[in-house]
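Here is what each chain is made of, one letter per residue.
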Amino acid sequence: MVQLPDLMTVIEISTPGGPEVLVASRRPLPVPGVGEVLLKVAYAGVNRPDVIQRKGLYPAPPGASDLPGLEVSGIIVAVGDDVDPTNVGARYCALVSGGGYAEYCLARMELCLPVPAGMEMAEAAALPETLFTVWHNVFERGYASPGEAVLIHGGTSGIGTMAIKLGKLFGLTVIVTCGSDDKCEAAQKIGADHAINYNSSDFVERVKALTSGEGVHLVLDMVAGNYVARNLQCLREDGRHVTIAVQGGMTAEINMAFVMSRRLTLTGSTLRPRTPTFKAMLAQEISATVWPLVCDGALRPEIDKIFPLAEAADAHAYMESGAHVGKIMLAV
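Residue numbers run consecutively from 1 along every chain, following the written order of its sequence. Residues qualify for local features only when their pLDDT is at least 70, as the model is predicted, and side-chain atom pairs are given and counted only at 80 or more; totals for whole chains, interfaces and linings, by contrast, use all residues. To get the side-chain values, all heavy atoms of the structure are used, and hydrogens and water are removed first.

S.K.: Looking at this model, I keep getting lost on the overall build of the protein. Mind explaining?
M.R.: Numbering of helices and strands runs from the N terminus; a helix is a DSSP stretch of H or I covering at least four residues, while a strand is a stretch of E covering at least two. Check the secondary structure of the protein and you find eleven helices and 15 strands. Note that the radius of gyration is over C-alpha atoms, with the globule rule given as 2.2 Å times the number of residues to the power 0.38. Expected size for 332 residues packed as a compact globule is a radius of gyration near 20 Å; at 20 Å, the protein falls within 12% of this value. Projected onto the principal axes, the alpha-carbon positions of the protein cover approximately 65 × 40 × 35 Å. Note on exposure labels: buried denotes an accessible area under 20% of the residue type's maximum, exposed denotes more than 50%, and partly exposed covers the range between, all computed with a 1.4 Å probe on protein chains only. A total of 332 residues make up the protein; the buried ones form 52% of that total. Of the contacts formed within the protein by residues at least 6 apart in sequence, a portion of 68% connects residues at least 24 apart. Surface accessibility of the protein: about 13900 Å² in total, with carbon and sulfur atoms responsible for 52%. Positive charges come from Lys and Arg, negative ones from Asp and Glu, while His and the chain ends are left out of the count. Here the site of a charge means NZ on Lys, CZ on Arg, CG on Asp, or CD on Glu. The averaged location of the 35 negative side-chain charges in the protein is 3 Å from the averaged location of its 26 positive side-chain charges. By definition in these notes, contact holds between two residues if any of their heavy atoms fall within 4.5 Å. Areas reported here follow the Shrake-Rupley algorithm with a probe of radius 1.4 Å; residue values treat only the protein chains shown as occluding.

Printed below as a string of structure tokens:
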């Protein structure tokens, strides 16, 4: 084991509120338990759930760190029981349930993925949360198959840009919505087949026009609320609707007779509260199916801006401004 300090710098949520409640503090280093490793963090991703947690609306699940941060990259500096000690010194990125906004972070070994040689650590840290989320919801829950068409809302968000990239790598026609012409142009440069400015066009009518009136096979919905009924109008018969966030509201009014007549499927999920066993199975599938594309350079995240850890509040303010295209990262 390497010599470690007693204390580390972390970014805490001092009280629920705006970005200014994110404050630096000092805490003891966490100690890895059975099946865990301790990473010296290089970079941490900033994600929408961090913002919701900061506002007091998304508490950490039982047993998880109260610090925000759901994905990191770094070097393993200590291991718990049942973890091969030869992993110490290796570069990994990891999906974590919290604690990423810190100099050191615990992760379960089975949720760590090796950083390929030549890959920047910032890029590695930008992958786990969006990659796990998109893979599970588009390809596992949404059953997306080569040749199908998918509608992705929030096309220039971290999730949206990952959905574009994965969709194209796995043979999908990708239609996205964005809030401006500039963002539509950015989404198409990233790889989207079509981008719709929802502020100047009716996305339902545009989707119908782009699909010769048939509709898409799948909608990945981050809005919910009054978007749900409109999303269903975008689906072809036997289409699937997968909700992963409720930025537009937690309730929706829909015509169930329409759902029945077109044999539509509605589902959704959240990743953070799922069991370690489930996440480990998901990591195994991603390792076998997607990680080879990371290793050969075919898949890289879209990174917009990197802030120092001490400027986490500015990173959150930037995310809430909606100006970003891709991921926002913290350099630790």
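Having seen the model, we can carry on.
S.K.: Looking at this structure, how should I read the packing of helix 3 (residues 128–141) against helix 4 (residues 158–169)?
M.R.: Relative placement of two packed helices is described by the angle separating their axes and the distance separating the axes. Note on definitions: angles span 0 to 180 degrees between N-to-C directions of axes, and those axes are lines fitted to C-alpha atoms, for helices only across the stretch in contact. Viewed as axis vectors pointing N to C, helix 3 and helix 4 meet at an angle of 60 degrees, and their least axial separation amounts to 9 Å. When the axes of helix 3 and helix 4 are compared, the pair comes out oblique. The two elements helix 3 and helix 4 cross, and the hand of that crossing is right-handed. Contacts between helix 3 and helix 4 pair Thr130, Leu131, Thr133, Val134, Trp135 and Phe139 from the former with Gly158, Ile159, Met162, Ala163, Leu166 and Gly167 from the latter. Looking at the contact of helix 3 with helix 4, its residues break down into eight nonpolar, four polar and no charged. If an angle is under 35 degrees, it is roughly parallel; if it is over 145, roughly antiparallel; if it lies from 65 to 115, roughly perpendicular; otherwise it is oblique. Left-handed is the label given to a crossing in which the near helix is rotated counterclockwise from the far helix by less than a right angle, and right-handed is the label when the rotation is clockwise. Side-chain classes follow a simple rule in which Ala, Val, Leu, Ile, Met, Phe, Trp, Tyr, Cys and Pro form the nonpolar group, Asp, Glu, Lys and Arg form the charged group, and the remainder, Gly included, forms the polar group.

S.K.: Where do I start with the environment of Asp221 in this structure?
M.R.: Here Asp221 shows up in strand 11 (residues 216–221). Between the C-alpha atom of Asp221 and that of Gly56, which follows or precedes it by 165 residues, the distance is 23 Å. Apart from the residues within four sequence positions on either side, Asp221 is in contact with His153, Tyr227, Val228, Asn231, His241, Val242, Thr243, Ile244 and Ala245. N or O atoms within 3.5 Å of each other form a polar contact, as long as, within protein, one can give a hydrogen and the other can take it, and as long as residues adjacent in sequence are counted only when both atoms are side-chain atoms. A distance of 3.0 Å separates the side chain of Asp221 from the backbone nitrogen of Ala224, its partner in a polar contact. A distance of 3.2 Å separates a polar atom in the side chain of Asp221 from a polar atom in the side chain of Thr243.

S.K.: When you look at the sheet that holds strand 11 in this model, what are you seeing that I'm missing?
M.R.: The strands making up a sheet are joined through hydrogen bonds of the backbone, oriented either antiparallel or parallel. Strands pair, by our definition, only if DSSP identifies at least two bridges between them. With parallel pairing, six strands are arranged side by side in an open sheet as 10-9-8-11-12-13. The open sheet terminates on both sides in strands that have one partner only, identified here as strand 10 (194–197) and strand 13 (265–268). Strand-to-strand twist in this sheet, taken as the mean axis angle between neighbours without regard to direction, amounts to 20 degrees. Contacts between helix 5 (residues 181–190) and the sheet are confined to strand 9 (173–178) and strand 10, with strand 10 contributing the most and set at about 165 degrees to the helix.

S.K.: Help me understand the pattern of salt bridges, please; the structure alone is not making it clear to me.
M.R.: If the charged atoms of two oppositely charged side chains come close together, the side chains can form a pair. One side-chain nitrogen of Lys or Arg within 4 Å of one carboxyl oxygen of Asp or Glu is enough to make a salt bridge. Enumeration over the complete set of coordinates arrives at 16 salt bridges. Taking the shortest distance from any N to any O, the salt bridge between Lys165 and Glu302 comes out at 3.2 Å. In this pair, Lys165 sits in helix 4 while Glu302 sits in the loop between helix 10 (291–295) and strand 14 (303–308), placing the two residues 137 residues apart along the sequence. Take Lys165: its relative accessible area is 19%, and that puts it in the buried class. The structure contains a network of salt bridges with shared partners spanning Glu12, Arg27 and Asp66.

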